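Topology and contacts: notes
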Amino acid sequence: MIAKISSGKDTAGLIRYLFDTKKARDHTDPHLVASWDGFAPDPGRSDDFTAAKKLLVADLDLRVKQARRLSRAPERHVWHCSLRAATTDRHLSDEEWADIARRVVAATGIAPQDDPDGCRWVAVRHAPDHIHIAATKVRGDLRTARHWNDYLTADRELATIEKEYGLFQVTRGDRTAAKRPTRAEQEKARRQGQSKPARERLRAIVRTTVAATTSIEEFIRLLSHTDGVLVEVVYFPSGDVRGYKVASEDNTTAGKEPIWYSGSELAPDLSFPKIRARLEATDPQPTNQPGRRGPNPWHQATAAAERIPHHLTGNDDRASQAHLAAFGEALDALPLLTPAPIRAQLREAASAFERATRSRIQAEHHHARTLRGAVRALLREPAPRDGTVLTRFLDAVILVAIAAARWHQLRHHDQQVAAAQQTLLHLQAAYDQAAAAPLAALVQHRTPQQTVDRHIHHIRRAVPEHAEQVLKDPAIDALTAALAEAEALGHDPERLLRQAADQRALDDARSPARTLAWRIQRFSAGPAPSARDRAAQARSAARPEEAPQRPSTPTHEAAAVSPPRPSQARRR
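To keep things clear, this report deals only with the structure shown in the data block. Bear in mind the structure is a predicted one, so any value in this text is a computation, not a measurement.

1. What to know about the overall build of the chain
The number of helices and strands found in the chain is 22 helices and eight strands. Counting over 572 residues, the chain shows a buried share of 51%. When contacts within the chain are restricted to residue pairs at least 6 apart in sequence, those whose partners lie at least 24 apart make up 73%. On the chain, roughly 28,500 Å² of surface is accessible, and the fraction owed to carbon and sulfur atoms is 49%.

2. Brief notes about the nonpolar core
Core analysis: the largest hydrophobic core is formed by 79 residues, its most contacted members being Leu394, Ile459, Leu479 and Ile520. Element by element, the count of residues in this core is highest for helix H14 (residues 387-410), at 15 residues. Leu479 has contacts with Ile459, Val470, Leu497, Ala513, Leu516, Ala517 and Ile520, leaving out every residue within four places of it along the chain. Counting 29 residues, the second largest nonpolar core, distinct from the first, contains Met1, Cys81, Ile131 and Ile133.

3. A short note on the pattern of salt bridges
Counting across every chain of the model gives 35 salt bridges. The residue Glu164 makes a salt bridge to Arg103 at a minimum N-O spacing of 2.8 Å. Separated by 61 residues along the polypeptide, Glu164 in helix H4 (residues 150-165) and Arg103 in helix H3 (residues 94-108) bring together distant segments of the chain. Classification of Arg103 as buried rests on a relative accessible area of 19%. Across the salt bridge formed by Arg318 and Glu364, the nearest N and O atoms sit 3.6 Å from each other. Highlighted residues: Arg318 in helix H11 (residues 317-333) and Glu364 in the loop between helix H12 (340-353) and helix H13 (369-379), separated in sequence by 46 residues. Several salt bridges share partner residues, and in doing so they unite Arg207, Asp269, Arg278, Glu329, Asp332, Glu354, Arg358, Arg372 and Arg376 into one network.

4. What about the pairing of strand S6 (residues 229-235)?
Bridge analysis of S6 against strand S7 (residues 241-248) gives seven bridges, and the strand direction is antiparallel. In the sheet register, Glu232 faces S7, and the bridge partner there is Lys245. Taken together, S6 and the strand that follows it, S7, pair antiparallel across an intervening segment of five residues, in which Gly239 is found at a positive phi of about 100 degrees.

5. Some points on the sheet that holds S7
Read across the sheet, three strands follow the order S6-S7-S8 without closing on themselves; strand pairing throughout is antiparallel. The open sheet has two free edges, formed respectively by S6 and strand S8 (261-262), since each of these has just one partner strand. Where helix H6 (residues 198-212) meets the sheet, its contacts fall on S6, S7 and S8, and the angle it forms with S7 comes to roughly 130 degrees.

6. What to know about the packing of helix H1 (residues 11-18) against helix H2 (residues 49-69)
Each pair of packed helices gets described by two things: the angle between the helix axes and the distance between those axes. Two elements in contact, H1 and H2, have axes whose closest approach is 10 Å; the angle formed by their N-to-C orientations is 135 degrees. Comparing their axes, H2 and H1 come out oblique. Where H1 crosses over H2, the two elements pack in a sense that is right-handed. On H2, the residues that touch Thr11, Ala12, Ile15 and Arg16 of H1 are Lys53, Leu56, Val57, Leu60 and Asp61. Class assignment of the residues belonging to the contact of H1 with H2 gives a composition of five nonpolar, one polar and three charged.

About the cut-offs
- Residues numbered from 1 in each chain as written.
- Predicted model: local features only at pLDDT ≥ 70, side-chain atom pairs only at ≥ 80, totals over all residues.
- Heavy atoms only, no water.
- Helix = DSSP H or I, 4+ residues; strand = E, 2+ residues; numbered from the N terminus.
- Buried < 20%, exposed > 50% of the residue type's maximum accessible area, 1.4 Å probe, protein only.
- Contact = heavy atoms within 4.5 Å.
- Areas by Shrake-Rupley, 256 points an atom, 1.4 Å probe, with all protein chains shown as cover.
- Core = buried A, V, L, I, M, F, W, Y, C linked by side-chain atoms within 4.5 Å.
- Salt bridge = Lys/Arg side-chain N within 4 Å of Asp/Glu carboxyl O.
- Pairing = 2+ DSSP bridges.
- Axes fitted to C-alpha atoms, helices over the stretch in contact; angles between N-to-C directions.
- Parallel < 35°, antiparallel > 145°, perpendicular 65-115°, else oblique.
- Left-handed = near helix turned anticlockwise from the far one by under 90°.
- Nonpolar A, V, L, I, M, F, W, Y, C, P; charged D, E, K, R; others polar.

Next comes the structure, spelled out in structure tokens:
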């Protein structure tokens, strides 16, 4: 059940609308179901509609007129609340709607229970699925009603009502959602032939720009050079940047000023201070020396994403929130790096996950600087020709979306859970399309059955808890092919399997064999261990109790997400 609350100045105008059956075609049989004392005149059940309506307005406005003589009446003295049931709910009776109305006016402070000085109000039903509550905000003692945060208090009461009445339980938020476009903005977008209102288009542009930049100066510069976007920077008297505003050129009417939106009006995390905090927690991008190439940013980004489910199982909620925010930036940037056929799905995934990047938990962004830095590095690299690296990354981010939904669910973030689940659908669709060619290429050379049998033995030894699930997976051929390639390069298949399984989140994979295959391909891309490394591995295996434990503090994140050498496998 959803409540919409507003204030106004015209009691008579509101009552006229609530009982109107000519202009509003969906108004059928308007009548009162409840009132402040149970004896209010009901125009819908009176033989003289006009007289009853005037009497009802006069009764509602009585205290307003009294307070006005004392200069104590509020300017916007009308309180209007509509309550609508879900389309799947049963039709409630008048008595049930009356009970719901009394509980809402009590919860919001309009007419507290057992308070003889509560405000005057009426509940009008003119359709089967909803009612309207009209009240005047002057109490019997001529004070103005205390109804602060009435939307939240009404929403909490409605959540209880839904459970008690067996109604559909609405997914509720935590006041961290981006502001929705108004009806006027939506109508204007339709007239202009735009698929989305200017507010939503600008929000997506600003989010993508944040994901691509490493400093405030670069953010302002890139945003200012974006086609179709007007930017205005606001400065302090000292000359320092105070904030920014954006407008869409398409949203500018001839002869009128553009409609500007500050960052916080687009989304809570797009305010200037919050963008600056995120950019300050981004690792600077290294400059490659001549003749030397830095680490592969796709490998770094994939490894960082694979570690996020582990971070989300920790006890530091602020660090977890930071990883989710950085993951959202990665999704914002991903459509810029991918082939055209899957861009639409990835844009939808980024748009959906935007809601899952925020909660009431304050993020400490320095925890996720590795993923954020890897994403910036990706945007400075040529688009990959080999679809395998993209497929590996998509496989990793699917597991992150699953882990994000679980993390939010444990904290009762209902809207964020729904957003993460919707994100998952789009990511899986993009993955299925992107993975087709790399999987076909991986298994195009038939692996000898003797080699396959040997690798099946490795799988049973290395990952016994997942072995049966992996061996039944249709993608087992891809996994054995990846193991054969790694073995030909000098790697130990069994050690790589353990290392890949220790990346965690394997239980969430739709296809654990494919997930292991992509991880093994990434790990085996590095140099094969030398004879000295293999000897060290043997000694480590012989004395597992002496193997050093992997640090779990955030300060070691960079080491954790870099492509590990085989000699480090048991440390994970």
